[in-house]
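Survey of secondary and tertiary structure
So you can see what is in the structure, the chains are spelled out below.
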Amino acid sequence: MIHVAIVEDEEIEHTRLRECLDFVAQREKLRFEISDFYSATSFLCDYRPIYDIVLMDIDMPEMNGIEAAKKLRVIDQTVILLFVTNMAQYALSGYEVDALDFIIKPVEKYHFGLKMSRAISRTARRTEQEIIVNGEDGVLSLSAPQIVYLEVVGHYVYWHTSEGKTVKEYSTMKNAENRILHAGGGKTFAKCNRCYLVNLRYVSAIKKDTVLIGKETLSISRPQRKTFLAAFVKYIGGNG
């Protein structure tokens, strides 16, 4: 499954882009999970790095697409960005925010399909980060960026996700951590406590003995504090 965000202020354009995505999905035999945003502000508010592709309009009120893309790149350097616009004169600005391409309005599905095929090929590295979790309600596939933190209680690991879901799995922290490492999450995750494995991209603050992740406050144990802080500093440095 490929997660796509449409950032566009006009309803008719959302409808057209969804039709084009349906066309690509049928042709390529894949599935899209689509999230609709009607302003750049709503898209960036509480942004979570769960998207593979962002389709961004440029000419929007309050904040235009170029400004939004610059803010997006501060918090997510790897998401694939495509501008969908009738303002081709901004092409050079697109390179500044590492936009993959421009799709000119009115959007035509075959032309759209060519651009999306290129974007889809670039998502391979992200979609390979699939982690199979055997939850109590069945088998679930997660990607490393979807995982906010892991919590171990007794013989169970609780997978807390960016969608607000918690999946309970009969497993060990070591087993879960190995799966995340195998999926390429080794540089993003660190233990703040023997009971918690944290996705560093969701850390918003660190105090003396606690770490704030969204609205959750987790304890940092004394034995893990130095290693956890070093991992966080290295993560921040690697992401500018």
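Scroll up to find the structure this text is about.
Residues numbered from 1 in each chain as written. Predicted model: local features only at pLDDT ≥ 70, side-chain atom pairs only at ≥ 80, totals over all residues. Heavy atoms only, no water.

Thoughts on the sheet that holds strand β2 (residues 32-37)
Counted only if it meets this: Strand pairing requires that DSSP identify at least two bridges connecting the strands. Each helix is a run of DSSP H or I of at least 4 residues and each strand a run of E of at least 2, with the numbering of both proceeding from the N terminus. Note on method: axes are straight lines fitted to C-alpha atoms, helices fitted across the in-contact stretch only, with angles between N-to-C directions ranging 0 to 180 degrees. Residue contacts are defined here by distance: any two heavy atoms, one from each residue, within 4.5 Å place the two residues in contact.
The 5 strands lie next to each other as β2-β1-β3-β4-β5, forming an open sheet whose pairing is parallel. Every other strand in the sheet has two partners, leaving β2 and β5 (101-104) as the edge strands with one partner each. Neighbouring strand axes in the sheet, compared pairwise and without regard to direction, differ in orientation by 20 degrees on average. In terms of strand pairing, strand β3 (residues 53-56) meets strand β4 (residues 80-85) through 4 bridges, oriented parallel. Its bridge partner lying in β4, I53 is registered against I80. Relative to β2, helix α1 (residues 11-28) is tilted by about 170 degrees, and along the sheet it contacts β1 (2-7), β2, β3 and β4. Each of β3 and β4 is contacted by helix α3 (residues 65-75), which is oriented at about 175 degrees to β4, the strand it contacts most.

What about unusual backbone geometry?
The omega angle of the peptide bond from K105 to P106 is -5 degrees, so this bond is cis rather than trans. Positive phi, close to 70 degrees, is recorded for E62, a residue that is not glycine. On the secondary structure map, E62 appears in the loop between β3 and α3. The phi dihedral of D98 falls on the positive side, at around 55 degrees, and the residue is not glycine. Within the secondary structure layout, D98 lies in the loop between α4 (91-96) and β5.

Brief notes about the sheet that holds strand β14 (residues 210-213)
If you walk across this open sheet you meet the 3 strands as β13-β14-β15, and the pairing is antiparallel. For this open sheet the edge positions go to β13 (203-206) and β15 (216-219), each flanked by a neighbour on one side alone. Across this sheet, the average inter-strand angle for adjacent strands is 25 degrees, counted without regard to direction.

Quick look at the pairing of strand β11 (residues 189-193)
What counts is decided by this rule: For the exposure calls, accessible area comes from a 1.4 Å probe over protein chains only, and a residue counts as buried if that area is under 20% of its type's maximum, exposed if over 50%, partly exposed in between.
Taking burial as the measure, the 5 residues of β11 include 4 buried ones, the bulk of the element. The pairing of β11 with strand β12 (residues 196-199) spans 4 bridges and is classified as antiparallel. Paired with N193 across the two strands is Y196, which belongs to β12. What sits between β11 and β12 in their antiparallel hairpin is a turn of 2 residues.

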